[in-house]
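# Fold and geometry: a report
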Amino acid sequence: MHLPAGVAGPTEISFDVRCFVLPVAEGIVVIDTGMGDNATDIHRALERIGAGWDDISDVVITHAHADHVGGLNEVLSRAGNALVWAGEADAGAVSAGISSGTATSEPKVRAAADGASFRGLRVIHTPGHTQGHISLLHEGEGLLFAGDAVGTMNGVMVRPPVPFTADPAEAEVSLRNLARLSPRRMLFSHGAEIPDAASRLRELIERSAPQQ
Ligand SMILES: [Zn+2]
């Protein structure tokens, strides 16, 4: 994704947009669907784990921003068995974007309650970036999918750009809640995984408050 100068700061920035295909005990969970035109990449990821579109049990949208939900119709047109989940406050926006031509018989978005667990994933409400932003903790692996609550750039943990964050103060509370989970690993919607992410997150929180 490429943002020209002036959109998220004085200089132009480029960053990657990640979705995840996660095999779980009873299904496959896709976390976020990118901006669209990702079907080939998602299909390749499914093939790598010996699965196909029909094996997708759930699609979880971390939040209703275009670079996370843009590919949802494309995914749902292929993943006929998938349930769709989003945080309560973002579920309406996610639902509004689903076209009627999807393969799922029930494309209605389920509201993922804070603390709820499904398929070994615990829902962590992390409002701030959007009101309904959620993160997911794979409890067995201690693996935290942070969404846009936090990301990395060039190997350094960073907050998402302030212009895209609805409530920076609330986002900060959410970051502290994530830090308390002390995840073994963290994966981000933007930016590669970095070692010892839980420590880096605590340092980020202590080091700097977001610029308003
Ligand atoms: Zn976002």
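Here is a short report on the structure shown in this document.

Here is what the cut-offs are and how they apply
- Residues numbered from 1 in each chain as written.
- Predicted model: local features only at pLDDT ≥ 70, side-chain atom pairs only at ≥ 80, totals over all residues.
- Helix = DSSP H or I, 4+ residues; strand = E, 2+ residues; numbered from the N terminus.
- Buried ≥ 20, exposed ≤ 12 C-beta atoms within 10 Å, placed from the backbone.
- Contact = placed C-beta atoms within 7 Å.
- Pairing = 2+ DSSP bridges.
- Axes fitted to C-alpha atoms, helices over the stretch in contact; angles between N-to-C directions.

### Overview of unusual backbone geometry
One non-glycine residue, Asn-154, adopts positive backbone phi at about 50°. Among the secondary structure elements, Asn-154 is positioned in the loop between strand E12 (151-153) and strand E13 (156-158). With 8 C-beta atoms counted inside 10 Å, the residue Asn-154 sits in the exposed group. Within the chain, Ser-182 stands out as a residue other than glycine whose phi angle is a positive 45°. In this fold, Ser-182 is placed in the loop between helix H5 (168-180) and strand E14 (185-187). The class for Ser-182 is exposed, based on 12 C-beta atoms found within 10 Å.

### Side note on the environment of Ala-86
Within the secondary structure, Ala-86 is located in strand E6 (residues 83-87). The exposure class assigned to Ala-86 is buried, which follows from the 28 C-beta atoms found within 10 Å. Sequence-wise, Ala-86 and His-65 are 21 residues apart; in three dimensions their C-alpha atoms are separated by 12 Å. Apart from the residues lying within four places of it in its own chain, the contact partners of Ala-86 are Ile-61, Ala-64, Ala-91, Val-94, Val-109, Ala-112 and Gly-132.

### Some details on the sheet that holds strand E9 (residues 121-125)
The strand order across the open sheet formed by 5 strands is E8-E9-E10-E11-E14, and the pairing between neighbours is mixed. Each edge of the open sheet carries a strand with a single partner, namely strand E8 (117-118) and E14. Bridge count for E9 against strand E10 (residues 134-138) is 5 bridges, and the pairing is antiparallel. Looking at E10, one finds that Ile-124 is bridged to Ser-135.

### Quick notes on the sheet that holds strand E7 (residues 109-112)
The strands making up a sheet are joined through hydrogen bonds of the backbone, oriented either antiparallel or parallel. Spatially, the 5 strands line up as an open sheet ordered E3-E4-E5-E6-E7, and their pairing is mixed. Bordering the open sheet on either side are strand E3 (20-24) and E7, each of which pairs with just one other strand. Ignoring which end each strand starts from, the neighbouring axes of this sheet average 25° apart. Here E3 pairs with strand E4 (residues 27-31) via 5 bridges, running antiparallel. Across the sheet, Pro-23 pairs through a bridge with Ile-28, a residue of E4. Contacting strand E5 (56-61), E6 and E7, helix H4 (residues 88-96) crosses the sheet at an angle of about 130° to E6.

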